[in-house]
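Chain and residue survey
Residues per chain, in single letters:
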Amino acid sequence: MPAKTLHFQSPRHLSQLYAGKEENLAHAERALGVKLVTREDWLKIEAPQEPLALAEEFFAFLNAARSQGMSIRTPDFARLVDSFAKGEARRWQAFLDEPLVIATDRKSVVPKTIGQKEFLQSVLKKPIVIGIGPAGTGKTYLAVAAAVSALLNHEVKRIVLTRPAVEAGEALGFLPGDLREKILPYLRPLYDALHDMLDPEEVVKLTEKGIIEIAPLAYMRGRTLSHAFVILDEAQNTTPEQMMMFLTRLGEDSRMVVTGDVTQIDLPRPKRSGLLEVRHILKDTPGIVFHTFTGADVVRHPLVQRIVDAYERYKNPPAGDGADGGR
């Protein structure tokens, strides 16, 4: 039977291609119809000529993705190998042929997972992108990076960053302090992301000029946001009415990114989340892209990914395991 041995830079580099899990190689064997043997820094593929060539192309793709700075997690590996088995290799090659580096004044931002790169590609091409996923997946950070880059490249004239200021309808009057003190804690994550990409003095200067605006969602009513990059963060805490209000602020030559985590809805019952509803209302609307992040896209401390995975298992237990569903 034909065989091909692929050599890699080191055992660690090879292991990174399949997330260090033998069961992923077993999955690839079944999906691609090949036999895989790995030792040290090499991988041997045994198969008839056609599946052998496909497996070689698959591992070359993984190696190229890793060289672009992306991590291969188990869910990524499974999705990719199944896609290659279905004959979709060309689509993924085109995905790699567009390297993505978002340049800002203080740093260059590179997507670290397959999901992050898909999200960023959509943000750069579509007028409205809605990113949904758990904590630590980089949703807001990537959106702010794209906004700063667009501003620096004169693609937009201003950046507008907004959040629901307080859960359950932005009841600012019940908080102590003046308006700035009331809203700052809710907007702090957006400032933190900006300070990663621009000098703090520049953020202050641009804010004073109105080129960067960071405000509660309630401040968006009645406006048309033209020539702007507009980001709505924590969108799971919008009502359907607020979500519609926000999306209809889109003006000429503007882009919008909506981010949120539907597992962290703080709205009181019976209020519905606008982020949950909008997926059903606008899912087939041209020009609007929905991107779903998973635990495989978590890029914080490795423990964060394990926490996310544990909660997903707890809320969606296998049938018959006796879980109480979180009561």
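A brief look at the structure comes next. Just so you know, these numbers come straight off a predicted model, no measurement behind them. (Residues numbered from 1 in each chain as written. Predicted model: local features only at pLDDT ≥ 70, side-chain atom pairs only at ≥ 80, totals over all residues. Heavy atoms only, no water.)

Here we look at the side chain of arginine 66
With respect to the helices and strands, arginine 66 occurs in helix H3 (residues 49-67). Buried charge arginine 66 goes without a salt bridge, the closest partner of opposite sign being aspartate 41 at 12 Å. Looking at arginine 66, its side chain comes within polar contact range of the side chain of histidine 13, at 3.5 Å. Among all residues touching arginine 66, those that are not within four sequence positions of it are His13, Gln16 and Leu17. (Helix = DSSP H or I, 4+ residues; strand = E, 2+ residues; numbered from the N terminus. Buried < 20%, exposed > 50% of the residue type's maximum accessible area, 1.4 Å probe, protein only. Lys, Arg positive; Asp, Glu negative; His and termini not counted. Salt bridge = Lys/Arg side-chain N within 4 Å of Asp/Glu carboxyl O. Polar contact = N/O pair within 3.5 Å; in protein donor to acceptor, adjacent residues only side chain to side chain. Contact = heavy atoms within 4.5 Å.)

Thoughts on the sheet that holds strand E2 (residues 35-39)
Taking strand neighbours across the sheet as the criterion, the three strands line up as E1-E3-E2 in an open arrangement whose pairing is antiparallel. What marks the edges here is a single partner per strand, and that holds for strand E1 (3-7) and E2. Direction aside, neighbouring strands of the sheet carry axes that sit 20° apart on average. When E2 meets strand E3 (residues 42-46), the two strands line up antiparallel, connected through five bridges. Looking at the pairing, threonine 38 lines up with leucine 43 of E3. In the packing of H3 onto the sheet, contacts are made with E1, E2 and E3, and the angle to E1 comes to roughly 10°. (Pairing = 2+ DSSP bridges. Axes fitted to C-alpha atoms, helices over the stretch in contact; angles between N-to-C directions.)

As for the packing of aromatic side chains
The tally for this structure, following the rule as stated, stands at six aromatic pairs. The interplanar angle of 70° and the centroid separation of 5.2 Å between the aromatic rings of phenylalanine 58 and phenylalanine 84 together place this pair among those described as edge-to-face. Residue phenylalanine 58 is found in helix H3, and its partner phenylalanine 84 is found in helix H4 (residues 74-85); the two are separated by 26 residues along the sequence. Centroid distance phenylalanine 61 to phenylalanine 84: 5.5 Å. Interplanar angle 55°. Geometry classified as tilted. One end of the pair, phenylalanine 61, is in helix H3; the other, phenylalanine 84, is in helix H4, and 23 residues separate them in sequence. Taken individually, phenylalanine 61 and phenylalanine 84 each receive the classification buried, so the pair is uniform in this respect. Between the NZ or CZ atom of arginine 91 and the centre of the ring of tryptophan 92, over which it lies, the distance is 4.3 Å. (Phe/Tyr/Trp six-rings, centres within 6.5 Å; stacked < 30°, edge-to-face > 60°. Lys NZ or Arg CZ within 6 Å of the ring centre and 35° of its normal.)

Quick look at the nonpolar core
By size, the foremost hydrophobic cluster in this structure holds 35 residues, and its most contacted members are Leu194, Ile212, Ile214, Phe229 and Ile231. Taken together, the elements giving at least two residues each to this core come down to helix H6 (114-125), helix H7 (139-152), strand E7 (158-163), helix H9 (179-197), helix H10 (200-208), strand E8 (212-216) and strand E9 (228-232). Isoleucine 231 has contacts with Ala143, Val144, Ala147, Val160, Leu161, Thr162, Phe246 and Val257, leaving out every residue within four places of it along the chain. Core analysis: the second largest hydrophobic core is formed by 31 residues, Leu17, Leu52, Ala55 and Ile114 among them. (Core = buried A, V, L, I, M, F, W, Y, C linked by side-chain atoms within 4.5 Å.)

A short note on the sheet that holds strand E10 (residues 255-260)
Spatially, six strands are ordered E8-E7-E9-E10-E6-E11 in an open sheet, and the strand pairing comes out parallel. The strands lining the two open edges of the sheet, one partner per strand, are E8 and strand E11 (288-292). Each adjacent strand pair in this sheet contributes to an overall mean axis angle of 15°, direction not counted. Judged from the four bridges that link them, E9 and E10 form a sheet pairing that is parallel. Looking at the pairing, isoleucine 231 lines up with valine 257 of E10. The strands touched by helix H12 (residues 274-281) are strand E6 (128-132), E10 and E11; relative to E6, the strand with the most contacts, the crossing angle is about 125°.

Focus: the packing of helix H5 (residues 89-96) against H6
Describing two packed helices takes the angle between their axes plus the distance from one axis to the other. Viewed as axis vectors pointing N to C, H5 and H6 meet at an angle of 75°, and their least axial separation amounts to 11 Å. Here H5 lies roughly perpendicular to H6, going by the angle between them. Facing Arg91, Trp92, Phe95 and Leu96 of H5, the residues of H6 in contact are Ile114, Lys117, Glu118 and Gln121. Taken together, the residues of the contact of H5 with H6 break down into four nonpolar, one polar and three charged. (Parallel < 35°, antiparallel > 145°, perpendicular 65-115°, else oblique. Nonpolar A, V, L, I, M, F, W, Y, C, P; charged D, E, K, R; others polar.)

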